[in-house]
Amino acid sequence: MAWFRNAPNANTTIAAMEKIFTNKGVPAVCQSDNGSPFQSKEMEQFAQSSGYRHHHITPEWPRANGTVERFNRSMKEALQAATLEGKSLRDASQRFLQMYRSTSHSATGVSPHAALHGGREMRTVLPLMTPTDHVTDRIRDQRYKAKMRNGLRPHKLRVGDSVIVKQTKVNKLTPTFNPTPLRITEVQGSRITAREINGTGTITGDASYFRKIASNTRADNEDDQDASDESDGETENENRGNQQETPDESTEKGQRPRRTTRRPNYLEDYET
């Protein structure tokens, strides 16, 4: 863990990452949020020189980095408790890290220390307890995927669709979606990039932030089709009305129509 006395910048973040890489090695991919230290030119150069690919999560979508965000939440709660008790934040963070790294994780079934050190558990003041019921890798993987899926359904947004995007509420009268139409230019999983139809600005966010709308051309075509259908229906109704109002020429008013009878063809050869 890197302990910052002041707000972290690119240089302090790079120094902390170098310390981690020295102990654990350089990863193939490093995922981070879109904070200013990770958006700097120095960080880009450090990634190129170290040989790893830097991946930024979807803006304003912390769930994309849920593992780290959940850890930050637990760390924040521990530091808040230490502040209320008047204890040292540095000592509280070290005790929390020891507890966290030696506790089995619900997703992996083992502690973070054991996962990083070939199954060797960390020795603490508490006695080591070996679990008796081992969960198979397949079941554990299914549980983890079901937990991370969180009941989400795949979106149906495609490149070229017209959409509107959620906006920050200023007051109770602020609509949920900004009425300015956008057009999707890029789709990467749940990461959507859209551009203003009448402008040059772009917005990138999760698919849940966008709502698909009908384009103006399509709406006009549908209106024309509806108007055509209505006119056809009116013409058909008028024709039916005219047919109903026109009486049968062979039928007098107030009398039932008479049926014309004739001799069947098969009886023409018979003599009576």
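Bear in mind that the values here come from a model prediction, so they are computed numbers and not experimental data.

What to know about the overall build of the protein
Reasoning step 1: Along the protein, the regular secondary structure elements total seven helices and seven strands.
Reasoning step 2: Beginning at the N terminus, the succession of helices and strands in the protein can be written as α-β-α-β-α-α-α-α-β-β-β-β-β-α.
Reasoning step 3: By the burial criterion, 18% of the 272 residues in the protein qualify as buried.
Reasoning step 4: Long-range contacts, defined here as pairs at least 24 residues apart, represent 47% of the contacts in the protein between residues at least 6 apart.
Reasoning step 5: When the accessible surface of the protein is summed, it comes to about 21900 Å², and 49% of that surface belongs to carbon and sulfur atoms.

Here we look at the pairing of strand S1 (residues 29–32)
Reasoning step 1: Only one face of S1 is buried: it carries Cys30 and Ser32, and the other face, with Val29 and Gln31, is open.
Reasoning step 2: Both S1 and strand S2 (residues 53–56) contribute to a ladder of four bridges, which runs parallel. Its bridge partner being in S2, serine 32 is matched across the sheet by histidine 56.

Quick look at the pattern of salt bridges
Reasoning step 1: Per the stated rule, a full pass over the model turns up four salt bridges.
Reasoning step 2: One salt bridge connects lysine 87 with glutamate 85, and the closest N-O pair in it is separated by 3.1 Å.
Reasoning step 3: A residue is classified by how much of its surface remains accessible, and glutamate 85, at 52% relative accessible area, is exposed.
Reasoning step 4: Across the pair aspartate 161 and lysine 212 runs a salt bridge, and its minimum N-O distance is 3.8 Å. Taken together, the residues span a long stretch of sequence, with aspartate 161 in the loop between helix H6 (137–149) and strand S3 (162–166) and lysine 212 in strand S7 (residues 210–213) at a distance of 51 residues.

Some words on the sheet that holds S3
Reasoning step 1: In space, the five strands of this open sheet follow the order S6-S5-S4-S3-S7, with antiparallel pairing throughout. Of all strands in the sheet, those bounded by a partner on one side alone are strand S6 (202–206) and S7. In this sheet, neighbouring strand axes are inclined to one another by 45° on average, regardless of whether the strands run parallel or antiparallel.
Reasoning step 2: Relative to strand S5 (residues 191–196), strand S4 (residues 177–188) is paired through six bridges, and the arrangement is antiparallel. The partner of arginine 183 across the bridge, within S5, is arginine 195.

Side note on the packing of aromatic side chains
Reasoning step 1: The full count for this structure, using the stated rule, is seven aromatic pairs.
Reasoning step 2: For the ring pair phenylalanine 71 and tyrosine 100, a centre distance of 4.9 Å and an interplane angle of 70° mean the geometry is edge-to-face. One end of the pair, phenylalanine 71, is in helix H3 (residues 66–85); the other, tyrosine 100, is in helix H4 (residues 89–101), and 29 residues separate them in sequence.
Reasoning step 3: You can call phenylalanine 71 partly exposed: its relative accessible area is 23%.
Reasoning step 4: The structure contains a cluster of three or more aromatic residues connected by ring pairs, namely Phe21, Phe46 and Tyr52.
Reasoning step 5: The ring of tyrosine 209 is capped by lysine 166, whose NZ or CZ atom sits 5.9 Å from the centre of that ring.

Definitions and limits used
- Residues numbered from 1 in each chain as written.
- Predicted model: local features only at pLDDT ≥ 70, side-chain atom pairs only at ≥ 80, totals over all residues.
- Heavy atoms only, no water.
- Helix = DSSP H or I, 4+ residues; strand = E, 2+ residues; numbered from the N terminus.
- Buried < 20%, exposed > 50% of the residue type's maximum accessible area, 1.4 Å probe, protein only.
- Contact = heavy atoms within 4.5 Å.
- Areas by Shrake-Rupley, 256 points an atom, 1.4 Å probe, with all protein chains shown as cover.
- Pairing = 2+ DSSP bridges.
- Salt bridge = Lys/Arg side-chain N within 4 Å of Asp/Glu carboxyl O.
- Axes fitted to C-alpha atoms, helices over the stretch in contact; angles between N-to-C directions.
- Phe/Tyr/Trp six-rings, centres within 6.5 Å; stacked < 30°, edge-to-face > 60°.
- Lys NZ or Arg CZ within 6 Å of the ring centre and 35° of its normal.

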